[in-house]
Amino acid sequence: MTILKTLAAAALIGSSALAGTTAAQAQDYPTRQITMIVPFAAGGPTDVVARLVGEQMSKTLGQPIIIENVVGAGGTTGATRASRATNDGYTIIMGHMGTHAASLALYPKLAYDPRTDFEPIALINGAPIVILGKKDLPPKDLKEFVDYVKKNESSVNQAHAGVGAVSYITCGLLNGVIGINPVGVPFQGTGPAMNALVGGQVDYMCDQITNVVGQVKAGTIKAYAVATPERNASLPDVPTTTEAGLPGYQTTAWNALFAPKGTPPAILTKLNAAAAKALDDEKVIARMKDLGNDIPKADQRTPAVLGNLVKEEVDKWKKFLKPVG
Ligand code: ASP
């Protein structure tokens, strides 16, 4: 046998062995712990939802799911890491409206394309945005808030979780509606940003309701309005933006699970089934409701629905946002 033929035969054996291993791996999956990347700080809204759903998924899959908080650049550091991870189902990410849609409009050199570098697993929740102020912020309601931030544009500051975070893009929309451009104060997640709001180091913020309910009920911060057409049952005293005089401001964030591109379909099917089952778990439903979240209905939990949502949201945010830097 010539060297070339030998090499070709070896390559053939090698590739069929590899293909066989991959299929077997997909069938046995998972045989060890899975890492779920959360691209923001621990304790924030994406982290809370990831831990809640991850715990139930791990029961179904029979292996631990470890949360790894990979922070930075408005969530794009963690998403970049996830896009480059081995596509064997052992690394997945809880991404969101920022990392997997809006960021593409904000970062001209984003290292990944959420539409082509990931496999959608399942939409996990909808989280209405709430407009918040520190406890001592003078305005009593949203109308006063709008006047106040306009008058004090040069001195007020607004917390967010980095360029591309939900808090960044949704408060960017709010500032646009009001017509102001305040100083932004970046954090590695709205967990730490919330601590600063409670501590009075920052003046206002727009955050996913998940992170807000406990503090509003405890009276440690002010909630001016929830940016949805209906009030939220978890915060029944907080008016909608329409009721409070800013009907043009409506926004709800979403979190969703993704795997790196090329993750085998059999593994994606198992991950999707585990995620969908977690959303039917009584404990998960109760906690999600307490925290004001919407759970997608069964027919909204498919990878195809999430794939389409990402495409639509990329297009939507491109209309609203201009590249930064
Ligand atoms: N979702 C982020 C977090 O969990 C914050 C954000 O996107 O604003 O902290």
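Residues numbered from 1 in each chain as written. Predicted model: local features only at pLDDT ≥ 70, side-chain atom pairs only at ≥ 80, totals over all residues. Heavy atoms only, no water.

> Help me understand the pattern of salt bridges, please; the structure alone is not making it clear to me.
Where charged atoms from two side chains of opposite charge come close, those side chains can pair. One pass over the structure, following the stated rule, counts 11 salt bridges. Among the ionic pairs, aspartate 47 bridges to arginine 51, the shortest N-O distance being 2.8 Å. Pair noted here: aspartate 47 and arginine 51 are both in helix H2 (residues 45-61), with a separation of four residues, about one helical turn. Taking the relative accessible area as the measure of exposure, aspartate 47 reaches 3% and is therefore buried. (Salt bridge = Lys/Arg side-chain N within 4 Å of Asp/Glu carboxyl O. Helix = DSSP H or I, 4+ residues; strand = E, 2+ residues; numbered from the N terminus. Buried < 20%, exposed > 50% of the residue type's maximum accessible area, 1.4 Å probe, protein only.)

> How should the site of the ligand be read in this particular structure?
Looking at the ligand, the residues that line it are Phe40, Gly44, Pro45, Thr46, His96, Ala161, Ala165, Val166, Ser167, Gly189, Thr190 and Gln208. One of the side-chain N or O atoms of threonine 46 is found 2.8 Å from a nitrogen atom in the ligand. When the ligand is considered free in solution it has 260 Å² of accessible area, and contact with the protein chains removes 100% of it. A majority-of-atoms criterion places the ligand in the largest cavity. Elements supplying a minimum of two residues to the shell around the ligand: H2 and helix H6 (166-178). Looking at the shell around the ligand residue by residue, the class counts come to five nonpolar, seven polar and no charged. (Near = heavy atom within 4 Å. Polar contact = N/O pair within 3.5 Å; in protein donor to acceptor, adjacent residues only side chain to side chain. Areas by Shrake-Rupley, 256 points an atom, 1.4 Å probe, with all protein chains shown as cover. 1 Å grid on protein atoms, 1.4 Å probe; cavity = no way out; pocket = protein on both sides within 12 Å on 5 of 7 lines; lining within 4 Å. Sits in = over half its atoms within 2 Å of the grid points. Nonpolar A, V, L, I, M, F, W, Y, C, P; charged D, E, K, R; others polar.)

> For this particular structure, what's the right way to read the side chain of threonine 80?
One can find threonine 80 in helix H3 (residues 76-84). Using a relative accessible area of 14% as the deciding quantity, one classes threonine 80 as buried. Apart from residues no more than four positions distant in its own chain, threonine 80 is found in contact with Ala111 and Tyr112. (Contact = heavy atoms within 4.5 Å.)

> Would you mind going over the packing of aromatic side chains with me for this structure?
Centre-to-centre distance and the angle between the planes together describe a pair of aromatic rings. All chains considered together, the criterion is met by six aromatic pairs. Three or more aromatic residues joined by ring pairs make a cluster, and in this case those are Tyr112, Phe118 and Phe258. Against the face of tyrosine 90 rests arginine 32, its NZ or CZ located 3.8 Å from the ring centre. (Phe/Tyr/Trp six-rings, centres within 6.5 Å; stacked < 30°, edge-to-face > 60°. Lys NZ or Arg CZ within 6 Å of the ring centre and 35° of its normal.)

> Honestly, the state of the cysteines in this entry has me stumped. Any pointers?
Chemically, a disulfide is nothing more than a covalent bond linking the sulfur atoms of two cysteines. In the structure shown here, the tally under the stated rule is one disulfide. With its sulfur 2.0 Å from that of its partner, cysteine 171 forms a disulfide with cysteine 206. The sign of the S-S torsion, about 75 degrees, decides the handedness of the disulfide formed by cysteine 171 and cysteine 206: right-handed. Taken together, the positions of cysteine 171 in helix H6 and cysteine 206 in strand S7 (residues 204-208) put the pair 35 residues apart, joining distant regions of the chain. Pair check on accessibility: cysteine 171 and cysteine 206 agree, each one buried. (Disulfide = S-S within 2.5 Å.)

> How should H2 be read in this particular structure?
The periodicity of an α-helix, 3.6 residues per turn, causes residues three or four places apart in sequence to face the same way. Compared with the 24 Å implied by 1.5 Å per residue over 17 residues, the 24 Å span of H2 between its first and last C-alpha is a close match. Taken together, the buried positions of H2 are Pro45, Thr46, Asp47, Val49, Ala50, Leu52, Val53, Gly54, Gln56, Met57, Ser58 and Leu61. Backbone geometry just after H2 places glycine 62 at a positive phi near 75 degrees. (Expected span 1.5 Å × (residues − 1).)

> Help me out: how do you make sense of the layout of surface pockets in this one?
Any empty space left between the atoms is revealed when a probe the size of a water molecule rolls over them. Put simply, the largest pocket is a space of about 400 Å³. Contributing to the lining of the largest pocket are 18 residues, with Tyr168, Gly172, Leu173, Asn175 and Asn181 lying nearest its centre. Ranked by the residues each element gives to the lining of the largest pocket, the list is headed by H6, at seven residues. Taken together, the residues of the lining of the largest pocket sort by class into 10 nonpolar, seven polar and one charged. Put simply, the second largest pocket is a space of about 210 Å³. Lining the second largest pocket we find Leu123, Asn125, Gly126, Thr252, Ala253, Trp254, Asp294, Ile295, Pro296, Lys297, Gln300 and Leu309. Looking at the lining of the second largest pocket, the elements with two or more residues in it are strand S4 (118-134) and strand S9 (252-260). A breakdown of the residues in the lining of the second largest pocket according to their chemical character gives six nonpolar, four polar and two charged. (Points joined across faces, edges and corners; volume = space filled by probe spheres on them.)

> Help me understand helix H11 (residues 303-320) in this model?
Taking 1.5 Å as the rise per residue, H11 with 18 residues should run 26 Å; its terminal C-alpha atoms sit 26 Å apart, in good agreement. In this fold, the buried residues of H11 make contact with helix H4 (98-106), S4, H6 and S9.

> How should I be thinking about unusual backbone geometry in this particular structure?
Most peptide bonds take the trans form, and the phi angle of most residues other than glycine is negative. The step from tyrosine 29 to proline 30 runs through a cis peptide bond, and the omega angle for that step is -5 degrees. Relative to the assigned elements, proline 30 resides in the loop between helix H1 (3-28) and strand S1 (34-38). Residue alanine 73 is not a glycine yet carries a positive backbone phi of 50 degrees. Residue placement: alanine 73 occurs in the loop between strand S2 (65-69) and H3.

> I would appreciate a short explanation of empty space enclosed by the protein in the present structure.
Summed over all chains, the structure comprises one cavity of 30 Å³ or more. Of the pockets and cavities examined, the largest cavity occupies roughly 70 Å³. What lines the largest cavity is simply Phe40, Pro45, Thr46, His96, Ala161, Ala165, Val166, Ser167, Gly189, Thr190, Asp207 and Gln208. Elements that contribute at least two residues to the lining of the largest cavity include exactly H2, H6 and S7.

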